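# Observations on the three-dimensional arrangement
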Amino acid sequence: MALFSRFGKNEKRLLGGTASVLVIGAVFVFVLPRIADYRDVWDVVKELGWEEWLFLIGATVLNIATFPPSWMVALPGLRYREALAMTQASTALSMISPAGAAVGLGASYGMLRSWGFDGRPVGLAVAVTGIWNQLANLTFPIVALALLTGEDQDHPALRTAALVGVGILVVSLTAFALALSSAARARRIGDLAVRLARRVGRLFRKDVRWSGEGLVSFRSGALGLLRRRWHVLTIATLVGHLTVFVLLLACVRAVGVASSEITWIEAFAAWSLVRILGALPLTPGGIGIVELGLSGALVAFGAPNADAVAATLLYRALTVLPTLGLGMLAAATWRTHHPGQPLESPGDP
């Protein structure tokens, strides 16, 4: 830490970017080819017929189409067209930026504010959708481990992720419930969270610029929104995440991996584990980390090596490239959207 403190912001960003490039290069040049030769992977992809491609395109469209609903629930008055443009642009920016999700959330806030939504309901929507997404990511490994246990299977890495997820989930839900119970508790929990965030931020060289009062403000708006819409928000969030898994399963089946080799439960377990790995701020969009983790998990569950890598690269291409294309287009044209006045404030009864 003392060494990094000697560098300025630009030097730290350059070092971080260089480290990311080295990690990505090492994965794609040295590690993945050890799992499966790229020529064998290409042979698998070449065998895909028009039926498989149509199947994959349909799964990709379904995935993209389910981005907006959770935001429409969290921010009443937001229309589907604008929500789709906003989610694609913010997701694309989070994929290509070293800062990841923070840039995406900032882009979401800026776009929504430019369309006439007030700052408080926008901030609430950003916070609530972020919290619900993280809770879903923590829940999936727990569900996957339970499903595998029901089939008398064990996966050490998934078990570790699930146990960590249980701990974080219990602490998060308890803190969330206490924060909503009273303004005084919200302020105390907010101050504690700030202190912890600053310590973690120093490890990753990130500044924390919010305070405990932010949680008090969040509480007052969240109570009104969640009393009326928590169930719809939960369903919309789960659907948005699970269509990503459907796309992975479509890729696995399209390359010829049968259910006798990889069951849907095993595919779900591999996907759940990789969702945790992809959230680590090591490379933009988890590039390299996700490919390595998912390929390794599929092989561990029984998929042939070339098929596992082919399914992984297809999955990554279909989750990343369409969103990058649509997101860059949305980022270039978002000022042309004129959604009009919001229908209501999320804090309204």
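In this report, the structure presented in the accompanying data block is examined. What you see is a predicted model, and the numbers here were worked out from it, not measured in a lab.

### As for the pattern of salt bridges
Using the criterion set out here, one finds five salt bridges in the structure. Between Arg79 and Glu82 there is a salt bridge, with its nearest N and O atoms 3.1 Å apart. Under the relative-accessibility criterion, Arg79 is labelled partly exposed at 41%. Notably, a salt bridge pairs Arg316 with Glu291, separated by 2.7 Å at the nearest N-O pair. With Arg316 in helix α13 (residues 305–333) and Glu291 in helix α12 (residues 289–301), this pair connects stretches of sequence that are 25 residues apart.

### Considering a nonpolar patch on the surface
Side chains of Val29, Phe30, Val31 and Leu292 sit close together on the surface and give an oily, nonpolar patch of about 340 Å² of accessible area. Per element, the largest residue contribution to the nonpolar patch is three residues, and it comes from helix α1 (residues 9–35). For Phe30, the position within the fold is in helix α1. Judged by relative accessible area, which is 56%, Phe30 ranks as exposed.

### Quick word on the packing of helix α5 (residues 80–96) against α13
Between α5 and α13, the shortest axis-to-axis distance is 7 Å and the interhelical angle comes to 115°. What the angle tells us is that α5 and α13 run roughly perpendicular. Crossing angle aside, the handedness with which α5 passes α13 is left-handed. Here Ala85, Gln88, Ala89, Thr91, Ala92, Leu93, Met95 and Ile96 of α5 come into contact with α13, specifically with Thr319, Val320, Pro322, Thr323, Leu324, Leu326, Gly327, Met328, Ala330 and Ala331.

### Section: the packing of aromatic side chains
Counted under the stated rule, the structure contains five aromatic pairs. With 5.3 Å between their ring centres and 85° between their planes, Phe245 and Phe268 make a pair best called edge-to-face. Taken together, the residues span a long stretch of sequence, with Phe245 in helix α10 (residues 213–254) and Phe268 in helix α11 (residues 264–278) at a distance of 23 residues. Under the relative-accessibility criterion, Phe245 is labelled buried at 8%. A residue is classified by how much of its surface remains accessible, and Phe268, at 6% relative accessible area, is buried. Considering the side-chain rings of Phe268 and Trp271, the 5.7 Å spacing of their centres and the 35° angle between planes classify their relative orientation as tilted.

### So, the packing of α12 against α13
Relative to each other, α12 and α13 sit at 140°, their axes nearing to 9 Å. Looking at the two axes, α12 sits oblique to α13. In terms of crossing hand, the pair formed by α12 and α13 is right-handed. Between α12, through Val290, Glu291, Leu294, Ser295, Leu298 and Val299, and α13, the contact on the second element is made entirely by Asn305, Ala308, Val309, Thr312, Leu313, Tyr315 and Arg316. Classifying every residue of the contact of α12 with α13 by side-chain character gives eight nonpolar, three polar and two charged.

### With respect to the nonpolar core
Leu56, Cys251, Val255, Trp271, Leu294, Leu298 and Tyr315 are the most contacted members of the largest nonpolar core, which has 47 residues in total. A per-element tally of this core places α10 first, with nine residues. Other than its neighbours up to four places away in sequence, Tyr315 contacts Val244, Leu247, Leu248, Cys251, Trp271 and Leu294. Counting 26 residues, the second largest nonpolar core, distinct from the first, contains Val73, Met111, Trp115 and Val128.

Reading the values: the criteria
- Residues numbered from 1 in each chain as written.
- Predicted model: local features only at pLDDT ≥ 70, side-chain atom pairs only at ≥ 80, totals over all residues.
- Heavy atoms only, no water.
- Salt bridge = Lys/Arg side-chain N within 4 Å of Asp/Glu carboxyl O.
- Buried < 20%, exposed > 50% of the residue type's maximum accessible area, 1.4 Å probe, protein only.
- Helix = DSSP H or I, 4+ residues; strand = E, 2+ residues; numbered from the N terminus.
- Patch = residues over 30% accessible without salt bridge, like charges linked within 9 Å, V, L, I, M, F, W, Y side chains within 5 Å.
- Areas by Shrake-Rupley, 256 points an atom, 1.4 Å probe, with all protein chains shown as cover.
- Axes fitted to C-alpha atoms, helices over the stretch in contact; angles between N-to-C directions.
- Parallel < 35°, antiparallel > 145°, perpendicular 65-115°, else oblique.
- Left-handed = near helix turned anticlockwise from the far one by under 90°.
- Contact = heavy atoms within 4.5 Å.
- Phe/Tyr/Trp six-rings, centres within 6.5 Å; stacked < 30°, edge-to-face > 60°.
- Nonpolar A, V, L, I, M, F, W, Y, C, P; charged D, E, K, R; others polar.
- Core = buried A, V, L, I, M, F, W, Y, C linked by side-chain atoms within 4.5 Å.

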